[in-house]
Amino acid sequence: LALESKAKESNLVTDLERQLHQLQQEANVEAQKKAELETKLAELEALTALALESKAKESNLVTDLERQLHQLQQEANVEAQKKAELETKLAELEALTALALESKA
């Protein structure tokens, strides 16, 4: 009976040691998975920060281009107004020249 009891106890200890070893392996796997997820999370956070920074720069660029476009439109309007005024003066000068030639003749 004592040998049988010792054998059962030895089997129980062996079984518990096997279970402990299995749990340690599972814990190591889970720790590795956690580390990988934390790495992926850090990478995602870095990419998100870069994307936000890029979007901000893009937004600033769009705003700057819109400002430049507005400025160029204003300059084009001024130039169009000057052209119209010069064309009017030219037409008046041509009319006066025609009158002068007609008067001279």
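As the structure is a computational prediction, the values presented were derived from the model and not from experiment. (Residues numbered from 1 in each chain as written. Predicted model: local features only at pLDDT ≥ 70, side-chain atom pairs only at ≥ 80, totals over all residues. Heavy atoms only, no water.)

**Notes on the overall build of the protein chain**
Okay, so step 1: Counting secondary structure elements, the protein chain contains one helix and zero strands.
Okay, so step 2: Rg of the C-alpha trace for the protein chain: 45 Å, well past the compact-globule value of 13 Å for 105 residues, more than 25% over.
Okay, so step 3: Expressed along its principal axes, the backbone C-alpha trace of the protein chain runs to roughly 150 × 15 × 10 Å.
Okay, so step 4: Carbon together with sulfur atoms contributes 61% to the accessible area of the protein chain, which is approximately 9,800 Å² in total.
Okay, so step 5: For the protein chain, the centre of its 13 positive side-chain charges and the centre of its 21 negative side-chain charges are spaced 2 Å apart. (Helix = DSSP H or I, 4+ residues; strand = E, 2+ residues; numbered from the N terminus. Rg over C-alpha atoms; globule rule 2.2 N^0.38 Å. Areas by Shrake-Rupley, 256 points an atom, 1.4 Å probe, with all protein chains shown as cover. Lys, Arg positive; Asp, Glu negative; His and termini not counted. Charge placed at Lys NZ, Arg CZ, Asp CG, Glu CD.)

**Things to note about the environment of glutamate 87**
Okay, so step 1: Tracing the backbone shows glutamate 87 in helix α1 (residues 2–104).
Okay, so step 2: Since its relative accessible area comes to 45%, glutamate 87 is described here as partly exposed.
Okay, so step 3: Sequence separation of glutamate 87 and histidine 70 is 17 residues, and the distance between their C-alpha atoms is 25 Å. (Buried < 20%, exposed > 50% of the residue type's maximum accessible area, 1.4 Å probe, protein only.)

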